[in-house]
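Below are the chains, spelled out letter by letter.
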Amino acid sequence: MRTPASSPGSGPQIVTLTMNPALDVTTSVELVRPTSKLRCATPRYDPGGGGINVARIAHVLGAAVFAVFPAGGSHGELLMKLLAEEGLAFAEIPIAATTRQSFTVNETSSGQQYRFVLPGPPLNESDQLRCLQELRIAARSAEFVVASGSLPPGVGDDFYQRVADTCRHLGVNLILDTSGGGLRQIRSGVFLLKASVRELRECVGRPLVTEADQLAAAHELIDGGRAESVLVSLGSDGALLATKHASQRFSAVPMPAGSGVGAGDAMVAAVTAGLTRGWPLVKSVRLGIAAGAAMLTTPGTAACGRADVEKLFARTPEPRDITDDERLPR
């Protein structure tokens, strides 16, 4: 059901697609022990899943965003209620099965974090076609589509290529953040591909031990026509950006240790929001670094604040250009 604020005339700058949304549940316990009843603290509930997380942060940063996702059951109803309370426009595709939950448990005695990610409900071909149709409607006047997150059971590995083909037909830039078969099956049509080192390693089938190895793999995807640019997230070590004719290394903003849940999605959201401001990609990636750092200060997958992101952006150093010689594997 399309929300009132989401009529096509409202013209979102960014449309996100989340094929495997989740109701994120975060709680804490003093000590995680096997076979024991663990008395947890009051849980926190947040709407989750890659594209939904991106939409929430982009919305906080002032971009006009519209989220598309399948939803079903009581978990789906609560997820939509939470999104509506945040003022986010969306269209859900009703499905028969129940939206999954994901659990994060913080162990207070050690500071360790345990994350339990469920597979999600299966989507049949009819569900998938309805998702693509809703995407076509929502994105026909958008600047960017962000497809983010895992693919649920029943969805073929070629689905994100179908999304890329849809975006090419609409003339909309696609930003993709996924893993596994959904990433490996991408052949063309991605404006910006964001990947962790692990995801990039799985995509190209090599260890990628050094920075030069990682940049070589990123440029391999670009040279093969699969993406115009590749952003490799390095967590607390920052990020690498590869474009057709350049490579840059971005340092992270020094931050106290915190929960990294949602940091990658926040990076993608802020990069996309920066691009909608008319910023060049390099400057937008700096905003992404700042948003990822800001997520370290929030509980669970709660959205970071715009003021915090802008303040950290002012502390984010300019990237260092990497020469062709430096990025060649030895």
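Conventions and cut-offs
Residues numbered from 1 in each chain as written. Predicted model: local features only at pLDDT ≥ 70, side-chain atom pairs only at ≥ 80, totals over all residues. Heavy atoms only, no water. Buried < 20%, exposed > 50% of the residue type's maximum accessible area, 1.4 Å probe, protein only. Helix = DSSP H or I, 4+ residues; strand = E, 2+ residues; numbered from the N terminus. Pairing = 2+ DSSP bridges. Axes fitted to C-alpha atoms, helices over the stretch in contact; angles between N-to-C directions. Left-handed = near helix turned anticlockwise from the far one by under 90°. Contact = heavy atoms within 4.5 Å. Nonpolar A, V, L, I, M, F, W, Y, C, P; charged D, E, K, R; others polar.

Within strand 4 (residues 65–71), 7 of the 7 residues are buried, which leaves the element mostly enclosed by the surrounding structure. Pairing of strand 4 with strand 5 (residues 89–94) involves 6 bridges; the strand directions are parallel. What sits directly across from Val68, in strand 5, is Ala91.

Before going further, it helps to examine unusual backbone geometry. Although it is not a glycine, Thr35 sits at a positive phi angle of roughly 65 degrees. Positionally, Thr35 belongs in the loop between strand 2 (22–29) and strand 3 (44–48). Judged by its relative accessible area of 86%, Thr35 is exposed. Even without a glycine there, the phi angle at Leu208 is positive, about 55 degrees. Note that Leu208 resides in the loop between helix 6 (197–204) and helix 7 (211–223).

Contact geometry for helix 8 (residues 263–276) and helix 9 (residues 281–294): axes closest at 7 Å, N-to-C directions at 145 degrees. The two elements helix 8 and helix 9 meet at a crossing, and its hand is right-handed. For the pair formed by helix 8 and helix 9, the contact residues are Ala263, Ala266, Met267, Ala270, Val271, Gly274 and Leu275 on the first element and Leu281, Ser284, Val285, Leu287, Gly288, Ile289, Ala291 and Gly292 on the second. The residue makeup of the contact of helix 8 with helix 9, split by class, is 11 nonpolar, 4 polar and no charged.

This brings us to the sheet that holds strand 6 (residues 100–107). A sheet is described by the order of its strands in space; here 4 strands give the open sequence 3-2-6-7, paired in mixed fashion. Edge strands, defined here as strands with exactly one partner in the open sheet, are strand 3 and strand 7 (113–117). Strand-to-strand twist across the sheet, computed as the mean angle between neighbouring axes with direction ignored, equals 20 degrees. Pairing geometry for strand 2 and strand 3, over 5 bridges, is antiparallel. In the sheet register, Thr26 faces strand 3, and the bridge partner there is Arg44. The strands touched by helix 1 (residues 50–60) within the sheet are strand 2 and strand 3, with strand 3 carrying the most contacts at an inclination of about 100 degrees. Strands strand 2, strand 3 and strand 6 of the sheet are contacted by helix 2 (residues 73–85), whose axis makes an angle of about 85 degrees with strand 3.

With that out of the way, let us pick up the pairing of strand 1 (residues 14–17). On strand 1, burial covers both faces: Ile14 and Thr16 on one face and Val15 and Leu17 on the other are all buried. Here 4 bridges tie strand 1 to strand 4, and the two strands are oriented parallel to one another. Pairing of Leu17 across the sheet is with Val68, part of strand 4. For strand 1 and strand 8 (residues 144–148), the ladder comprises 4 bridges, and the chain directions are parallel. Each residue of the ladder has a partner; that of Ile14, found in strand 8, is Phe144.

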